Amino acid sequence: MALPIRKKWRMHRSARGILAALTLAGILAIPPFLRAESAALIKFPLDGDWQFRQVGQEAWHPARVPGCVHLDLMAAGLIPDPFYRDNELRVQWIEKEDWEYRKEFTVAFSVSSKAHVELVAQGLDTFAAIFLNGQKVGETDNMFRRW
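Just so you know, the residues in each chain are numbered from 1, in the order the chain's sequence is written. Under the rules for a predicted model, residues below a pLDDT of 70 receive no local features and side-chain atom pairs below 80 are neither given nor counted, while totals for whole chains, interfaces and linings still include all residues. Water and hydrogen atoms were dropped before computing side-chain values, which therefore reflect all heavy atoms in the structure.

Asker: Honestly, the nonpolar core in this entry has me stumped. Any pointers?
Answerer: Generally speaking, soluble globular proteins have nonpolar side chains that are buried together. The definition of a nonpolar core used throughout is a set of buried Ala, Val, Leu, Ile, Met, Phe, Trp, Tyr and Cys residues joined through side-chain atoms within 4.5 Å. The cut-offs for exposure are 20% and 50% of the maximum accessible area for each residue type, with area from a 1.4 Å probe on protein chains only; residues under the lower value are buried, those over the upper are exposed, and the others partly exposed. Counting 15 residues, the largest nonpolar core has Trp50, Phe52, Val69, Leu73, Ile94, Trp99 and Tyr101 as its most contacted members. Looking at this core, the element that brings in the most residues is strand β6 (residues 98–106), giving three residues. Only heavy atoms enter the contact rule, under which two residues are in contact if any of them lie within 4.5 Å. In this view, leucine 73 contacts Phe52, Leu78, Ile79, Ile94 and Trp99; residues no more than four positions away in its chain are not counted. For helices the rule is a DSSP run of H or I covering at least 4 residues; for strands it is a run of E covering at least 2, with both sets numbered from the N terminus onward.

Asker: Whenever I open this one, the pairing of strand β4 (residues 48–54) confuses me. Can you help?
Answerer: It is a general feature of regular strands that their side chains alternate between the two faces of the sheet. Burial analysis of β4 places five of its seven residues in the buried class, the great majority of the element. Looking at chain direction, β4 and strand β5 (residues 61–65) are connected through five bridges and run antiparallel. When the bridges of β5 are listed, aspartate 49 appears paired with arginine 64. The turn linking β4 back onto β5 is made up of six residues, and glycine 56 within it adopts a positive phi angle of 95°. Pairing between strands is defined by DSSP: at least two bridges between them are needed. With four bridges connecting them, β4 and β6 associate as antiparallel partners.

Asker: Where do I start with the side chain of aspartate 72 in this structure?
Answerer: Looking at the element boundaries, aspartate 72 is found in helix α1 (residues 69–75). For the buried aspartate 72, which has no salt bridge, the nearest side chain bearing the opposite charge is arginine 64, at an N-O separation of 7.2 Å. Those residues in contact with aspartate 72 that sit more than four places away from it in its chain are Phe52, Pro62, Ala63, Arg64 and Tyr101. Charge convention: Lys and Arg are scored as positive, Asp and Glu as negative, and His as well as the terminal groups of each chain are ignored. Any carboxyl oxygen of Asp or Glu within 4 Å of a side-chain nitrogen of Lys or Arg constitutes a salt bridge here.

Asker: I'm lost on the confidence of the model for the chain in this one. Help?
Answerer: As a general rule, the predicted coordinates of low-pLDDT regions are not to be interpreted in detail. Confidence scores per residue from the predictor, reported as pLDDT, run from 0 to 100. Looking at the chain, the pLDDT average stands at 75 and 73% of residues meet or exceed 70. Low pLDDT (under 50) marks residues 1–30, which in the prediction has 138 contacts with non-local residues, meaning those over four places away or in another chain. The low-confidence segment residues 33–37, where pLDDT is below 50, has six contacts with residues more than four positions distant or belonging to other chains.

Asker: Mind showing me how you'd approach the pattern of salt bridges here?
Answerer: Once their charged atoms are close, side chains differing in charge can pair, the charge on each being opposite to the other. Evaluation of the coordinates by the stated rule reveals four salt bridges. Aspartate 49 is paired through a salt bridge with arginine 64; the nearest N and O atoms lie 2.6 Å apart. In this pair, aspartate 49 sits in strand β4 while arginine 64 sits in strand β5, placing the two residues 15 residues apart along the sequence. On the basis of relative accessible area, arginine 64 is assigned to the partly exposed category, the value being 49%. Put simply, arginine 90 and aspartate 86 hold a salt bridge, and the shortest N to O gap is 3.5 Å.

Asker: Is there a simple way to explain the environment of glycine 138 in this structure?
Answerer: Here glycine 138 shows up in strand β9 (residues 135–140). Classification of glycine 138 by relative accessible area gives partly exposed; the value is 23%. Linking glycine 138 and leucine 119, residues 19 residues apart in sequence, is a C-alpha distance of 9.7 Å.

Here it is, written out as structure tokens:
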């Protein structure tokens, strides 16, 4: 069963510095109260290859998670290195835009058949909305915590 996950957020407009951290590293995990039949916690890492785009644009580009939108834009050849000369001035528009990340993955039946499965994110941007199969499953308002 394929479960595409889409993560969309708006960068915090008051963020200082060129690399406002947009790190994502999610893990699907079975909570302790459901582990009675199995002593091991089941983890399904969601880091690695993702796709991203500017909200409202058609084209999706490769992304790496954990990472940030600036690094993904540089890797795609869409912006210059913000640390070279005065390039930081040329890329300040990025923090004013909304960015959307997505990853499609398949969950094993042993996980998907559980009554309760946790999607854990380590370091989403300050404001993010999390969607699973098109349904909103959460949103964030603080980047310095685990969701």
